[in-house]
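Chains, contacts and geometry: an overview
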Amino acid sequence: MTQWLSIKETAKKRWKHFGDGLGFDRVSWATLIASAHVVSPATDWSELAQTVRQDMAETRRGWRAVVNKSVSGIRWRGSFEIDLLRPDYLMRRPQKIELLTDLGVAVEALRPEQRIVLPHYHAILDLSRHDVRVVSRKIRHRFRGSRRLLCKSLQQRYT
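Reference entry: report on the structure contained in this document. (Residues numbered from 1 in each chain as written. Predicted model: local features only at pLDDT ≥ 70, side-chain atom pairs only at ≥ 80, totals over all residues. Heavy atoms only, no water.)

**Side note on the overall build of the chain**
Looking only at helices and strands, the chain has 5 helices and 5 strands in total. In the chain, once contacts between residues fewer than 6 apart in sequence are set aside, the share between residues at least 24 apart is 81%. Total accessible area on the chain is roughly 10,300 Å²; 51% of this is exposed by carbon and sulfur atoms. (Helix = DSSP H or I, 4+ residues; strand = E, 2+ residues; numbered from the N terminus. Contact = heavy atoms within 4.5 Å. Areas by Shrake-Rupley, 256 points an atom, 1.4 Å probe, with all protein chains shown as cover.)

**Points about the layout of surface pockets**
Within this model, the largest pocket holds a volume of roughly 290 Å³. Taken together, 14 residues line the largest pocket, and the ones lying closest to its centre are Ile33, Lys96, Leu99, Arg147 and Leu150. The set of elements that each furnish at least two residues to the lining of the largest pocket consists of β1 (27–33), α4 (94–102), β4 (115–126) and β5 (149–153). The element contributing the most residues to the lining of the largest pocket is α4, with 3 residues. (1 Å grid on protein atoms, 1.4 Å probe; cavity = no way out; pocket = protein on both sides within 12 Å on 5 of 7 lines; lining within 4 Å. Points joined across faces, edges and corners; volume = space filled by probe spheres on them.)

**Here we look at unusual backbone geometry**
Trans is the prevailing form of peptide bonds, just as negative phi is the prevailing case for residues other than glycine. Here the phi dihedral of Ser128 falls at roughly 55°; this positive angle occurs in a residue that is not glycine. Here Ser128 is to be found in the loop between β4 and α5 (132–142). The partly exposed category is assigned to Ser128, whose relative accessible area is 28%. In this structure, Arg147 is a non-glycine residue whose phi angle is positive, near 65°. Looking at the element boundaries, Arg147 is found in the loop between α5 and β5. On the accessibility criterion, Arg147 (49% relative accessible area) is partly exposed. (Buried < 20%, exposed > 50% of the residue type's maximum accessible area, 1.4 Å probe, protein only.)

**Points about the side chain of Thr59**
Inspection of the secondary structure assignment puts Thr59 in helix α2 (residues 45–70). With relative accessibility at 3%, the residue Thr59 sits in the buried group. One polar contact links the side chain of Thr59 to the main-chain carbonyl oxygen of Asp55, over a distance of 2.8 Å. In this view, Thr59 contacts Leu32, Ala34, Phe80 and Phe143; residues no more than four positions away in its chain are not counted. (Polar contact = N/O pair within 3.5 Å; in protein donor to acceptor, adjacent residues only side chain to side chain.)

**Description of the packing of aromatic side chains**
Tallying each qualifying case throughout the model produces 3 aromatic pairs. Ring plane angle 70° and centroid distance 6.5 Å describe the contact between Trp63 and Trp76, whose orientation is recorded as edge-to-face. Residue Trp63 is found in helix α2, and its partner Trp76 is found in strand β3 (residues 75–85); the two are separated by 13 residues along the sequence. The residues Trp63 and Trp76 share a single accessibility class, namely buried. Consider the rings of Phe80 and Tyr121, whose centres lie 5.0 Å apart with planes at 50°: the pair is tilted. You can see Phe80 sitting in strand β3 and its partner Tyr121 sitting in strand β4, a full 41 residues away along the chain. Three or more aromatic residues joined by ring pairs make a cluster, and in this case those are Trp63, Trp76, Phe80 and Tyr121. Between Arg142 and the ring centre of Phe143, over which it is positioned, the NZ or CZ distance is 4.8 Å. (Phe/Tyr/Trp six-rings, centres within 6.5 Å; stacked < 30°, edge-to-face > 60°. Lys NZ or Arg CZ within 6 Å of the ring centre and 35° of its normal.)

Here it is in C-alpha cells:
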C-alpha cells in the first residue's frame, strides 16, 4: 500500500470512530482564520514558513483552550489549510476585504504581483450538549475580528 493510501485509510478509520452515533443535531463545522501575510516575489519563504507555523501553533493552542475549558465535552477533528489570494480576486469579495482589513492587511495598497497567504483551520465538531451559537460565541471571544470564524450546524439536506 502506498503512503497516501495508508494515510487515507487511517483517516477513514479515525473519522468512523469519531462519527459513530452522531446525529446532525450534534455536529457542526467551523473555519477559523489564523492570520494573513502579504507576500511578493522578493519574500523570504523560509522566514514566512516559520511565521506561519507559529501562527498555526498559537491558533491550535487558543482553539484547544477555548474548546477544552470554556465548552468542555466537545470533540473535534480538523486540519490547517493555506490559501493564496490574488489582489484582483479580492476586489469582488467585500467580506474578504473586511476580514483582511481586520487582520491588518491594507488591501487597497496591494500591488498586482503581491499575494496574501491565509492560513486557516477547518474542523468538524461534536457539540455534545452545547448549542452551536454558544460554542461560536466562545471561540469568537478568543479570536476577535470580523468574519474570522464561521461556525454552523450541519444540515441533513446538503452533502
